[in-house]
Amino acid sequence: MRTLTTRGDTIRFPEPLTRARITRRPNRFIIDADIHGSETACHCPTTGRIGNLVLDGLDCLLSRSDNPARKTPYTVEAISVDAPGTARPAWIGINQSAANRYVEQALVHHLLPKIVTAHSVLREQTLGRSRLDFLVDDDTYVEVKTPLDNLQVALGDHVHTRTRPPLASTDRLVKHIGELDRSLQAHQRAVLLLCFVYDNPGFQVRPSSHHDQVQASVAQAVRGGVEIWQVNFRLDAAGVHVARHSDLTSQFLV
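Residues numbered from 1 in each chain as written. Predicted model: local features only at pLDDT ≥ 70, side-chain atom pairs only at ≥ 80, totals over all residues. Heavy atoms only, no water.

## Regarding the overall build of the protein
Heads up, the rule is: Going along the chain from the N terminus, every DSSP run of H or I of four or more residues is numbered as a helix, and every run of E of two or more is numbered as a strand. The reference for a compact globule is 2.2 Å times residues^0.38; the radius of gyration itself is calculated from the C-alpha atoms. Whether two residues touch is decided by their heavy atoms; if any such pair falls within 4.5 Å, the residues are in contact. Per-residue accessibility takes into account occlusion by the displayed protein chains alone, with areas from the Shrake-Rupley method and a 1.4 Å probe.
Across its full length, the protein carries three helices and 16 strands. What you see for the protein is a C-alpha radius of gyration of 18 Å, in line with the 18 Å of a compact globule of 254 residues. Across its three principal directions, the C-alpha atoms of the protein cover 55 × 40 × 35 Å. Within the protein, counting contacts between residues at least 6 apart in sequence, those at least 24 apart form 64% of the total. Of the accessible surface of the protein, which amounts to about 12600 Å², a share of 48% is contributed by carbon and sulfur atoms.

## Overview of the sheet that holds strand β14 (residues 189-196)
We count it as follows: The pairing criterion is simple: DSSP has to find at least two bridges between the two strands. Lines fitted to C-alpha atoms define the axes, with helix axes restricted to the stretch in contact, and inter-axis angles between N-to-C directions lie between 0 and 180 degrees.
One open sheet accounts for eight strands, arranged β1-β2-β16-β15-β14-β12-β11-β10; its pairing is mixed. For this open sheet the edge positions go to β1 (5-7) and β10 (121-127), each flanked by a neighbour on one side alone. This sheet shows a mean twist of 35° between the axes of neighbouring strands, independent of strand direction. Across three bridges, strand β11 (residues 130-136) lies against strand β12 (residues 140-145) in antiparallel orientation. In the strand pairing of β12, leucine 135 is matched with tyrosine 141.

## With respect to the packing of aromatic side chains
The condition that has to hold: Any pair of Phe, Tyr and Trp rings, taking the six-membered ring for Trp, is counted once the centres come within 6.5 Å. Such a pair is stacked with planes under 30 degrees apart, edge-to-face with planes over 60 apart, and tilted for the rest. Each residue is placed in one exposure class: buried if its accessible area under a 1.4 Å probe, protein chains only, is under 20% of its type's maximum, exposed if it is over 50%, and partly exposed if it falls in between.
In the structure shown here, the tally under the stated rule is five aromatic pairs. Where phenylalanine 13 meets tyrosine 102, the ring centres are 6.4 Å apart and the plane angle is 45°; that geometry is what we call tilted. Of this pair, phenylalanine 13 sits in the loop between β2 (10-12) and β3 (18-27) while tyrosine 102 sits in helix α1 (residues 96-108); the two residues are 89 residues apart in sequence, bridging distant segments of the chain. The exposure class of phenylalanine 13 is buried, given its relative accessible area of 7%. By relative accessible area, which is 2% here, tyrosine 102 ends up buried. Taken together, the ring pairs connect Phe196, Tyr198, Phe203 and Phe252 into an aromatic cluster.

This is the structure we're talking about:
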């Protein structure tokens with residue numbers, strides 16, 4: 001996605017997204033979509049799970065690339081589990097890299113006042129053995145996670161799902177929250193920001209194959225002072241805006 005702009009409380013796309021319908025997801029990197037009657041291979045920006053959904057038949061929103069050499073001219077930015085053809089569906093953003101850009105805009109334009117009022121925002125700062133997403137005002141590290149494995153949305157009868165084993169890839173989360181914990185020795189604040197590009201009613205932890213290890217690492221970091229926040233963005237074809245943000249820290253104290 002090209003440069004974002006922010007006006008008021010809305011983060012605007014450089015051009016409106018295109019609505020289409022997914023025909024299939026042949027592999028982790030590609031989603032085929034019907035765009036005005038023509039099937040086109042589109043880039044899938046998340047290579048992992050999108051809940052336990054079978055995407056075939058769902059509506060989606062696409063951004064267009066301005067790179068003529070790219071093999072996939074579109075990227076799937078969002079999907080909807082509403083009935084296909086719904087006039088004003090609720091969208092679920094699936095582009096985790098774009099979610100980081102939404103958070104950056106929200107920080108720079110003071111759209112997350114409960115968390116921090118930023119005067120400076122630096123991206124991808126090295127801390128220990130990790131690269132964390134943002135350093136705000138030289139004293140607050142912010143690491144963004146955009147969970148897509150467990151979609152907390154109601155599914156109608158038209159949506160098909162498949163059974164999947166527990167999530168196994170948790171190493172990056174454990175490493176990053178450990179770095180946030182250690183950063184408190186030299187910095188005032190460290191925030192793990194759980195970002196949802198849909199109206200998530202309240203983050204719930206889904207057990208993974210390393211659940212006990214992750215739970216212990218998170219609890220240790222919280223006891224050390226790491227804060228855990230949730231932000232919900234609402235997305236449509238024109239842009240996104242912050243729907244709400246809230247402090248979840250206390251629920252991770254076990």
